[in-house]
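# Understanding the architecture of this molecule
Spelled out, the chains give:
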2 protein chains.
Amino acid sequence: MGKITVVGIGPGNLDEMTPKARRAIEEADTIAGYNTYIKLIEPLLEGKKVIGTGMMQEIDRCRAAAEEAKDKNVAVVSSGDAGVYGMAGLVLEITQAMPEDTRPSVEVAAGVSALSAAAAVLGAPLMHDFAVISLSDLLTEWTTIEKRLRAAAEADFVTVIYNPKSKKRADNIKKAAEIMLRHKSPDTPVGIVTAAGREGERKVISDLAHFTGEEITMFSLVIIGNSKTYVKEGRMITPRGYENKEQL
Amino acid sequence: MGKITVVGIGPGNLDEMTPKARRAIEEADTIAGYNTYIKLIEPLLEGKKVIGTGMMQEIDRCRAAAEEAKDKNVAVVSSGDAGVYGMAGLVLEITQAMPEDTRPSVEVAAGVSALSAAAAVLGAPLMHDFAVISLSDLLTEWTTIEKRLRAAAEADFVTVIYNPKSKKRADNIKKAAEIMLRHKSPDTPVGIVTAAGREGERKVISDLAHFTGEEITMFSLVIIGNSKTYVKEGRMITPRGYENKEQL
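The text that follows walks through the structure, step by step, so that each part is easy to find. Predicted model, so just to flag it, every value in this text is computed and none were measured.

## Observations regarding the packing of helix α3 (residues 58-68) of chain A against helix α4 (residues 88-96) of chain A
Residue and element names in this part refer to chain A. Between α3 and α4, the least distance of the axes is 10 Å, while the angle of their chain directions is 55 degrees. Here α3 is positioned oblique relative to α4, judged by the angle of their axes. Regarding α3 and α4, the two cross each other, and that crossing is right-handed. The segment α3 lies against α4, with Glu58, Ile59, Cys62, Arg63 and Ala66 engaging Leu90, Val91, Ile94 and Thr95. Grouping the amino acids of the contact of α3 with α4 by side-chain chemistry returns six nonpolar, one polar and two charged.

## Focus: the relation of the copies chain B and chain A
When chain B is fitted to chain A, the best match, at an RMSD of 0.0 Å, comes from turning it 180 degrees and sliding it 0.0 Å along the axis. Look at the turn and shift together and you get a two-fold axis relating the two. Looking at the interface residues of chain B, 100% of them are also at the interface in chain A, so both copies use one shared face.

## Quick notes on the pairing of strand β2 (residues 30-34) of chain B
Residues and elements named next belong to chain B. Counting buried positions along β2 gives five out of five residues, so the element sits mostly inside the fold. Looking at chain direction, β2 and strand β3 (residues 49-53) are connected through five bridges and run parallel. Residue pairing in the sheet places Ala32 in a bridge with Ile51 of β3. Once the chain exits β2 it traverses helix α2 (residues 35-40) before rejoining the sheet at β3, and the crossover so formed is right-handed. Pairing analysis gives three bridges linking β2 to strand β4 (residues 73-78), with the strands arranged parallel. Along β4, the bridge assignment pairs Ile31 with Ala75.

## Description of helix α5 (residues 114-122) of chain B
All names here are of chain B. Within α5, eight of the nine residues are buried, leaving the element largely enclosed by the surrounding structure. Listing the buried residues of α5 in full gives Leu115, Ser116, Ala117, Ala118, Ala119, Ala120, Val121 and Leu122. Phi for Gly123, located one or two positions after α5, is positive at around 135 degrees.

## A word on the sheet that holds strand β6 (residues 123-124) of chain A
All names here are of chain A. In spatial order, the strands read β6-β13-β12; together these three strands make up an open sheet with mixed pairing. Here the strands that pair on one side only, and so sit at the sheet edges, are β6 and β12 (230-232). When β12 meets strand β13 (residues 235-237), the two strands line up antiparallel, connected through three bridges. Within the sheet, the bridge partner assigned to Val231 lies in β13 and is Met236.

## Quick word on unusual backbone geometry
All names here are of chain A. Although it is not a glycine, Tyr85 sits at a positive phi angle of roughly 50 degrees. As for its position among the elements, Tyr85 is in the loop between β4 (73-78) and α4. Residue Tyr85 is classed as buried on the basis of its relative accessible area of 14%. A positive phi is found at Asp156, a non-glycine position, where the angle reads about 60 degrees. Within the secondary structure layout, Asp156 lies in the loop between α6 (142-154) and β8 (158-162). Relative accessible area serves as the criterion here: at 15%, Asp156 is assigned to the buried category.

## Here we look at the sheet that holds strand β9 (residues 189-194) of chain B
In any sheet, the strands associate via hydrogen bonds between backbone groups, in a parallel or an antiparallel arrangement. Spatially, β10(A)-β9(A)-β11(A)-β8(A)-β7(A)-β7(B)-β8(B)-β11(B)-β9(B)-β10(B) is the arrangement adopted by the ten strands of the open sheet, whose pairing is mixed. Bordering the open sheet on either side are β10 (202-207) of chain A together with β10 (202-207) of chain B, each of which pairs with just one other strand. Ignoring which end each strand starts from, the neighbouring axes of this sheet average 15 degrees apart. As judged from the three bridges shared by strand β8 (residues 158-162) of chain B and strand β11 (residues 220-224) of chain B, these two strands associate in the antiparallel manner. Of the residues in β11 of chain B, the one forming a bridge with Thr159 of chain B is Ile224 of chain B. Packed on one face of the sheet, helix α5 (residues 114-122) of chain A meets β7 (130-134), β8, β9 (189-194), β10 and β11 (220-224) of chain A together with β7 (130-134) of chain B and runs near 65 degrees to β11 of chain A.

## So, the interface of chain B and chain A
Contacts between the two partners involve 74 residues from chain B, matched on the other side by 74 residues from chain A. The junction of chain B with chain A conceals about 6700 Å² of combined surface from both sides, 55% of it contributed by carbon and sulfur atoms. The tally of links from chain B across to chain A stands at eight salt bridges. Residue Asp156 of chain A is joined to Arg148 of chain B by a salt bridge in which the shortest nitrogen-to-oxygen separation is 3.7 Å. Per-element tally for the side of chain B that touches chain A: the top contributor is helix α4 (residues 88-96) of chain B, with six residues. Across the side of chain B that touches chain A, the residue classes tally to 35 nonpolar, 18 polar and 21 charged. Both β7 of chain A and β7 of chain B contribute to a ladder of three bridges, which runs antiparallel. Pairing of Phe130 of chain A across the sheet is with Val132 of chain B, part of β7 of chain B.

Rules used in this analysis
Residues numbered from 1 in each chain as written. Chains lettered and ligands numbered in written order. Predicted model: local features only at pLDDT ≥ 70, side-chain atom pairs only at ≥ 80, totals over all residues. Heavy atoms only, no water. Axes fitted to C-alpha atoms, helices over the stretch in contact; angles between N-to-C directions. Helix = DSSP H or I, 4+ residues; strand = E, 2+ residues; numbered from the N terminus. Parallel < 35°, antiparallel > 145°, perpendicular 65-115°, else oblique. Left-handed = near helix turned anticlockwise from the far one by under 90°. Contact = heavy atoms within 4.5 Å. Nonpolar A, V, L, I, M, F, W, Y, C, P; charged D, E, K, R; others polar. Least-squares fit on C-alpha atoms with pLDDT ≥ 70 in both. Buried < 20%, exposed > 50% of the residue type's maximum accessible area, 1.4 Å probe, protein only. Pairing = 2+ DSSP bridges. Right-handed = clockwise from strand over helix to strand, strands pointing away. Buried area = accessible area lost by both parts, 1.4 Å probe. Salt bridge = Lys/Arg side-chain N within 4 Å of Asp/Glu carboxyl O.

In structure tokens:
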């Protein structure tokens, strides 16, 4: 019987992929993943079978990978960390539904997540408690997303927004910012990082009052500060709280 | 002028450290970090000056690193990701307070965070929105921590608990579980991962009703599911929601 390793490739450059993840890809017979991410690891794919499909076909892609893994070594790749809104869950769900005699083993190789990559570009916004919320309402009711945005804002979490915008839901990020503004100060810093760790990486630091979301693409992550977050010399910093104990 | 790279070394084995992080350590003249983490990267330290101190001396250690970096290349290491409750913030705060003519440049090299490492060990608990909360009340009022635990439970976030236990605050995790129980079902899965990715790694999967926290040490991370999280064949899985659209 074969196996599947669900691999987090990190932000997308080989320099930020762990040796464990890289080896899982190099040793695999077959690689499955969203085309955009397959392209990022092209140097590692020579001689391998590739199951690449467009967005929105996650289930079919995972099923094909599981079928392949009955007698082969397969790597299913996610950008960032496969364990954060990645393919780890779907691969486990689909393989656990297979009959035991053909079921491949599954391992997850963690990667540098998009939230870690974006935080590093911005400075140090995640030094204190944070909430991570996806604005994609394809698989989640918008009312649930709204409830979580409200809870995060009310309890003064730093808030990390995944999937802030797509063609079909360009306005969700504006609605999210409005909800945040009801509970957070207008001068709360907002960091937008696009293509972190990849060609064309860029960051914009703004605040809730001036936030328009124009710079946001499908490859952006947005981090909204807590009540103590500040911006200094282009870095977004959420203090851990040492200054309560001692003058820095 | 010198520079500081704040390096996330990942869970603690060289196989899960990014090449970028490794290179930052290899190219540094001086390494600063908590002794426990310094030990994990010992193979990389030959011929380097090491500023290692015990816990609770973060500020002094960062100051010494900043002083050193006036004319040297310094790496300040954090386990996991330096950008998640790590040293990135303190290094930026301390260097930004230095006079410009001696101030080193600062870069953050992201790592595989403890939450990503623990999630990979447990299965796929972070496929949906999650809150990350530290139970350390050394630098944060307990009332703030409680408010965030309550908000995370009420809004049905998966909840990741950092610093669940130390000698001085062995009971915080029990209080946290009690708060969770007021809003979450008693059969909500709870995963405890200790020393993820290191020698002696172990996991325990329990639920809120049976959770005692006995297995927890200073090197544990706790992940509490949302209302949809389930355990199957030893894996803790939070469904992304595909099953709402299609039978898996």
